[in-house]
Each structure stands twice: as C-alpha cells, then as structure tokens.
Amino acid sequence: MNTTTSYAPRSRFFSTPALETVAAWLLAIIWIFPLLYAFWAAFHPSEFMVNFELFAPLTLENFTNAWSQAPFARYYLNTFALVTGVVIGQFVVCTLAAFAFARFPIPGKNVLFMLVLIQLFVFPEVLIVENYRIASELGLINTITGIGLPYVASALGIFLLRQTFKTIPRELEDAARIEGCNWLEILWKVYVPLAKPTYLAYGLVSISHHWNNFIWPLVVTNSVESRPLTVGLGVFSAPETGVNWATVSAATLLSIAPLLIAFLLFQRQFVQSFLRAGIR
Amino acid sequence: MSFTNHRKMQLYGALLLLPAAVLLTTFAYLPTVTTVINSLFLPGFRGAPTEFVGLENYQVLFDDPTFWKVARNNLIYAVGTIPTSIALALGMALFVNRKLRGRGFLRMAYFTPTILPMIAAANIWMFFYAPQIGLFNKLLGMLGFSGVNWLGDPSIALSSVIVMSVWKEAGFFMIFYLAALQSMPPELKEAADLEGTSRWSFFWRVTFPLLMPTTLFVLINALINSVRVVDHLFILTKGGPNNATNLLLYYVYENAFSFFDRTTAATITVVILLVLAVVATLKFTILDRRTHYQ
C-alpha cells in the first residue's frame with residue numbers, strides 16, 4: 001500500500017497510514033454531506049425536514065412544486081444561451097488577440113499585454129456600478145448579451161491561448177504559407193487545431209464560471225425573460241418568498257443538476273482544466 | 001522582412017487585437033477611470049458628478065464607522081478563510097496523493113463544492129444554520145445544548161459565513177497542491193527513507209518548502225476571492241445583522257443599488273481597486289519572477 005510502511009511503527013492498527021485513511025474519509029464525508037443532505041431533503045416530504053427520518057417515504061412532489069412555482073424551463077434556456085454565447089465569443093475574441101500577441105510585431109506589445117493581464121484582477125463584478133451604467137447606455141439591461149458581453153475579452157483566455165500558440169513551431173506556419181494560406185487560414189488550419197486541449201480546458205472553466213455567476217447577472221437582469229438559473233434560484237429561495245425548504249432543495253438541485261452530472265461524468269477533464277487554467 | 005511587409009504585419013496584428021481592445025476598454029479601463037473620477041465629485045441629478053471636491057468623499061468615507069466595520073469584516077473574513085482553506089487544501093492533497101482506499105471518491109468529495117454555484121451552496125447551508133429547524137441546532141439539541149442563532153447573532157454570524165466559504169474553497173486549492181505534489185521527484189522520498197527520516201520531518205523539511213510557490217499562488221487567488229466573492233451574502237445574511245457580515249463588495253452593491261449613492265459606491269470601489277493593485281503587484285514581483293510574460 002505505502003512505500004513508507006517499512007519505517008512506520010510496527011502496529012498495523014495505530015500506524016499513521018491507517019489513521020490517515022480514517023481522517024481522509026472523515027473529511028470527505030463532511031465535505032460531501034451538505035450535498036447529500038440537499039439530495040435527501042429534495043426527495044422527501046417537507047414535514048420530514050423537521051423530523052429527520054432517514055427512510056422516510058420518497059416523493060417527487062418537491063420537484064413538481066418547484067417547477068410550477070418558478071419558470072425553471074426559461075431559466076435553463078437563458079443559462080444555456082448565456083453560456084454558449086459567452087464561450088463562443090471568448091473563443092473568437094481571445095483567439096484573435098492571442099494570435100496577435102504570439103506572432104505579430106505590434107509597437108508596445110509588452111505594455112499592451114500587461115494591460116490585458118490587469119483584467120485578471122479587475123473583474124467586471126468589481127466595477128459593477130460603472131459597468132451597469134455602460135450596459136444601460138448600450139441598451140443591454142435585461143438582456144443575455146448584457147450578462148455575457150463584459151466577460152468576452154477574457155484576460156485568462158488571451159493568456160492561455162497566447163502561451164499555447166507560442167509553443168507551436170514556426171515551420172508548420174511556413175509550410176502552410178507555402179501552400180498559399182493567408183494569416184486567417186494559418187490561424188484556423190494550424191494554430192487552432194493544435195491548441196485544442198487549451199480550448200477544452202478553458203471552455204470547461206468558463207462554462208462552470210458562467211453557469212455559476214451571480215452578482216453581475218442579478219444586477220443586469222430584472223425579469224424572467226433574461227434571468228439565468230442562479231438569479232432565478234436566488235429570487236426563488238429568498239426568505240421573504242416563504243417557499244418551504246424541501247421545495248428550495250429541489251429547486252437548488254434542479255439548478256445545479258446539469259453541471260453536476262457533467263462534472264461526475266467528466267471529472268478528470270474538469271479537474272485538469274481547472275489546473276491548466278489556474279497556472280498562469 | 002521588408003519594411004512595408006513589417007508595417008503590414010503591424011497593421012494586421014492591431015486589427016486582430018481590435019475586438020479585445022474595444023471590449024476591454026468598454027468594460028474594464030473606461031469604468032475604472034470613471035469610477036476614480038466619480039469618487040472625486042459630488043453627486044448630482046441621478047448620481048451624475050457635479051462639483052469637484054478632491055478627496056473629500058474619501059474623508060467622509062473614512063469618518064464613517066460603518067465603512068470601517070465593513071473593512072474590518074472583510075479583513076476578518078480573509079484571515080478566517082484563507083489560512084484554514086489553504087491548510088485543509090494541503091491536507092486533502094496529501095491524503096489523495098498517496099495510495100488510499102477509495103481515492104477517486106475522496107478527490108471527488110473534496111472537489112465537488114467547487115463546481116456548485118455559491119448561491120446554491122448558500123441555499124444548502126441555510127438548512128444547517130436555520131435557528132428553529134436547522135440541522136446544527138437539532139444536533140446541539142440532541143446533545144442537550146440550547147440552539148444558537150448562527151446567522152442572526154452578530155457575534156457569530158460572520159464566523160458562520162466563513163465556515164461555509166472554507167467548505168466551498170478548500171477543494172479548489174487542493175487541485176493545485178495535488179499537481180505540485182505529483183510533479184515532485186520521487187528520489188527525494190527514496191533518499192529520505194534510506195536515511196530513516198520521519199514522515200513528519202520529511203514534510204516540514206522537504207515537501208512544505210518545495211510547495212512554497214504553490215502556496216503563494218493559492219494565497220494570491222484566495223486574497224482576490226476574499227474581496228470579490230459576495231454571492232453567499234445575498235442568501236445567508238444580506239450583510240446583516242447590523243452589518244455584522246457585510247463585506248466591501250456587498251457594501252458597494254448596497255450603496256449603488258439600494259441607497260442609490262453612486263459616489264460612495266465609487267469611493268469604496270477605488271479602495272477595493274487599491275487592494276487588488278497591491279495583490280497584483282505582489283503577484284507580478286514576487287511570484288512570477290521566473291515565469292516569462294514576454
């Protein structure tokens with residue numbers, strides 16, 4: 001089991017690895033417990049929230065209640081449109097900018113690049129008041145474009161793609177040029193395909209970020225037509241609305257289900273993409 | 001490359017940069033500049049700046065005890081969440097880096113909170129913190145203790161918020177430690193084993209120092225998060241009771257969209273931007289000395 005056992009104390013039971021296993025499991029159970037509890041609550045009648053009984057009768061009523069009390073179908077559609085739009089926009093805008101930074105002689109390039117990196121610290125949500133004013137002057141209030149647009153020119157995306165593009169050998173580019181490709185064709189046929197892992201990693205991080213984003217969408221939207229799931233859930237479960245907890249649990253699960261299922265299916269890719277995007 | 005060709009390349013490169021430049025100017029640089037300007041003027045009709053007053057708004061802000069309370073809360077929040085979540089993240093990474101029964105499940109369990117929206121996490125934790133029927137008070141009741149008003153009592157509300165934040169963040173930081181641990185040369189461990197070094201001293205003398213760059217990286221991220229993440233306050237406390245859990249960015253939101261005081265909001269935003277500038281400078285000077293941005 002463990003390479004260090006030869007130097008660990010002889011007693012198997014009290015050896016550090018055994019204790020460590022117990023501690024690791026205890027921590028994991030604590031960490032997963034809130035989610036399990038939400039699951040339990042969502043599938044049981046609300047009266048059992050007060051009197052906890054592990055094997056209380058199962059029900060789907062909470063989900064039907066939640067579904068009928070708020071337009072979750074609309075919220076799904078909005079979130080889906082938002083996430084798709086943002087990711088496509090980011091891919092296009094960041095690819096072009098990253099290509100420029102990686103391969104073109106631009107005066108003051110290093111200064112410009114540092115300016116871009118500032119956005120790693122100054123997020124749209126920090127400038128929420130002025131961004132709201134700008135969004136309203138552009139007529140973007142209460143639109144899905146308004147939620148997504150401030151995030152399209154992402155410094156993280158530009159940085160990750162630029163790093164990847166820089167590692168691609170120039171010989172490939174020269175070969176494409178001999179075949180008569182122009183710059184955009186070179187970008188599309190040489191650089192983009194070779195950067196696929198970066199696109200995947202950045203895409204997953206971006207999807208989970210925008211699926212989960214709250215404060216900016218909350219400020220920009222004020223009606224069902226444009227609200228994403230998080231804002232819908234926030235409005236739904238506000239204490240003032242007096243919705244019961246079992247229903248709130250069901251609504252919470254409804255909002256996180258697609259991303260959670262995707263995560264359970266593609267765990268490795270998710271974890272690696274967070275790592276890849278994190279190292280900057 | 002000929003001169004005209006070079007000029008052509010410059011123009012082409014500039015065109016490629018244009019969409020990003022326009023968007024960054026619109027939603028990052030311009031709002032930063034107008035925020036600073038707004039903080040130097042008196043508010044007028046619909047919050048538009050009217051009279052230049054220099055640093056007077058800052059004077060007013062710094063004389064306001066609520067601002068200091070919120071700033072202090074944010075400091076406590078940072079001090080409460082950052083070391084705990086980093087220590088837990090390191091522990092988690094050490095756990096799942098070795099061959100352990102159910103390692104895949106453990107990694108998943110630690111990382112799952114990272115995938116949840118903060119707003120959903122806060123919803124779930126409301127079940128634990130609720131005074132009458134919340135899980136924590138029921139557990140206390142079973143042990144014969146009287147319940148605690150976890151989010152309603154000003155003296156413990158902030159701690160309750162901090163506990164939830166630690167739960168949400170630790171798994172994210174674990175990933176970076178895990179990657180660092182896996183890139184460590186196994187010869188170090190073998191050499192230490194040959195010399196009979198105890199695991200404890202191997203950790204403190206070898207592993208921990210080697211993880212220093214990762215710790216710094218995680219620390220920077222955690223610092224940024226501590227001034228940026230406010231979503232949970234919307235569900236858990238709304239900054240209350242009596243501002244006991246109010247944090248800087250939430251205070252900006254309140255000032256701008258509840259009190260319609262854009263000047264104060266701008267002034268607090270500038271304070272946040274200064275904090276972020278310090279963090280950014282730290283990152284670019286200390287952490288990235290060896291990485292190349294060129």
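Residues numbered from 1 in each chain as written. Chains lettered and ligands numbered in written order. Predicted model: local features only at pLDDT ≥ 70, side-chain atom pairs only at ≥ 80, totals over all residues. Heavy atoms only, no water.

K.L.:
Help me out: how do you make sense of empty space enclosed by the protein in this one?
P.N.:
Any space left empty among the atoms is revealed by the rolling of a water-sized probe across them. Inspection of every chain in the model, using the stated rule, returns five cavities of 30 Å³ or more. There is about 1100 Å³ of room inside the largest cavity. Val205 and His209 of chain A together with Phe172, Asn225 and Arg228 of chain B are the residues nearest the centre of the largest cavity, which is lined by 45 residues in total. If you list the elements that add at least two residues to the lining of the largest cavity, you get α8 (155-166), α11 (196-212) and α15 (267-278) of chain A together with α3 (65-97), α4 (103-115), α7 (157-182) and α10 (212-228) of chain B. (1 Å grid on protein atoms, 1.4 Å probe; cavity = no way out; pocket = protein on both sides within 12 Å on 5 of 7 lines; lining within 4 Å. Points joined across faces, edges and corners; volume = space filled by probe spheres on them. Helix = DSSP H or I, 4+ residues; strand = E, 2+ residues; numbered from the N terminus.)

K.L.:
Mind showing me how you'd approach the interface of chain A and chain B here?
P.N.:
Across the boundary between the two partners, chain A contributes 98 residues, which contact 96 residues of chain B. Summing both sides of the interface, chain A and chain B together bury roughly 9000 Å²; the carbon and sulfur share of this comes to 77%. Between chain A and chain B we count four salt bridges in total. One salt bridge in this structure joins arginine 262 of chain B and glutamate 130 of chain A, with 3.9 Å as the shortest N-O distance. Inspection of the chain A/chain B interface yields eleven residue pairs in polar contact (both at pLDDT 80 or more). The greatest single-element share of the side of chain A that touches chain B, amounting to 17 residues, is contributed by helix α1 (residues 16-42) of chain A. Counted by class, the side of chain A that touches chain B contains 70 nonpolar, 19 polar and nine charged residues. (Contact = heavy atoms within 4.5 Å. Buried area = accessible area lost by both parts, 1.4 Å probe. Salt bridge = Lys/Arg side-chain N within 4 Å of Asp/Glu carboxyl O. Polar contact = N/O pair within 3.5 Å; in protein donor to acceptor, adjacent residues only side chain to side chain. Nonpolar A, V, L, I, M, F, W, Y, C, P; charged D, E, K, R; others polar.)

K.L.:
What is the right way to read a nonpolar patch on the surface from this model?
P.N.:
All names here are of chain B. Residues Leu216, Leu219, Val278, Leu282 and Ile286 make up a contiguous nonpolar surface patch of roughly 380 Å² in combined accessible area. Mapped by element, the contributors of at least two residues to the nonpolar patch are α10 and α13 (262-287). Here isoleucine 286 falls in the partly exposed class, since its relative accessible area comes to 46%. (Patch = residues over 30% accessible without salt bridge, like charges linked within 9 Å, V, L, I, M, F, W, Y side chains within 5 Å. Areas by Shrake-Rupley, 256 points an atom, 1.4 Å probe, with all protein chains shown as cover. Buried < 20%, exposed > 50% of the residue type's maximum accessible area, 1.4 Å probe, protein only.)

K.L.:
Can you help me understand the packing of helix α4 (residues 72-103) of chain A against α11 of chain A in this one?
P.N.:
Residue and element names in this part refer to chain A. For the pair α4 and α11, the least separation of the axes is 10 Å and the interaxial angle reads 140°. The angle between α4 and α11 falls in the class oblique. Here α4 and α11 pass one another in a crossing that is right-handed. Facing Thr79, Leu82, Val83, Val86, Val87, Gln90, Phe91 and Thr95 of α4, the residues of α11 in contact are Tyr199, Tyr202, Gly203, Ser206, Ile207, His210 and Trp211. When its residues are assigned to classes, the contact of α4 with α11 shows nine nonpolar, six polar and no charged. (Axes fitted to C-alpha atoms, helices over the stretch in contact; angles between N-to-C directions. Parallel < 35°, antiparallel > 145°, perpendicular 65-115°, else oblique. Left-handed = near helix turned anticlockwise from the far one by under 90°.)

K.L.:
When you look at helix α12 (residues 248-257) of chain B in this model, what are you seeing that I'm missing?
P.N.:
Because the α-helix completes a turn every 3.6 residues, residues three or four places apart line up on one side. Counting buried residues in α12 of chain B gives nine out of ten residues, a clear majority hidden from the surface. If you check which residues of α12 of chain B are buried, you get Leu248, Leu249, Tyr250, Tyr251, Val252, Tyr253, Glu254, Asn255 and Ala256 of chain B.

K.L.:
Can you help me understand α7 of chain B in this one?
P.N.:
Compared with the 38 Å implied by 1.5 Å per residue over 26 residues, the 39 Å span of α7 of chain B between its first and last C-alpha is a close match. At glutamate 169 of chain B, α7 of chain B is bent by approximately 30°, the largest bend along its length. (Expected span 1.5 Å × (residues − 1). Bend = angle between axes of the 7 residues up to and from the residue.)

K.L.:
What is the right way to read the packing of aromatic side chains from this model?
P.N.:
The way to describe two aromatic rings as a pair is by their centre distance and the angle between their planes. One pass over the structure, following the stated rule, counts 54 aromatic pairs over all chains. Considering the side-chain rings of phenylalanine 99 of chain A and tryptophan 183 of chain A, the 5.8 Å spacing of their centres and the 65° angle between planes classify their relative orientation as edge-to-face. With phenylalanine 99 of chain A in helix α4 and tryptophan 183 of chain A in helix α10 (residues 183-194), this residue pair connects regions lying 84 residues apart in the sequence. An aromatic cluster is defined as three or more aromatic residues linked by ring pairs; in this entry it consists of Phe33, Tyr37, Trp40 and Trp245 of chain A together with Trp125, Phe127, Phe128, Tyr129, Phe136, Trp150 and Trp167 of chain B. (Phe/Tyr/Trp six-rings, centres within 6.5 Å; stacked < 30°, edge-to-face > 60°.)

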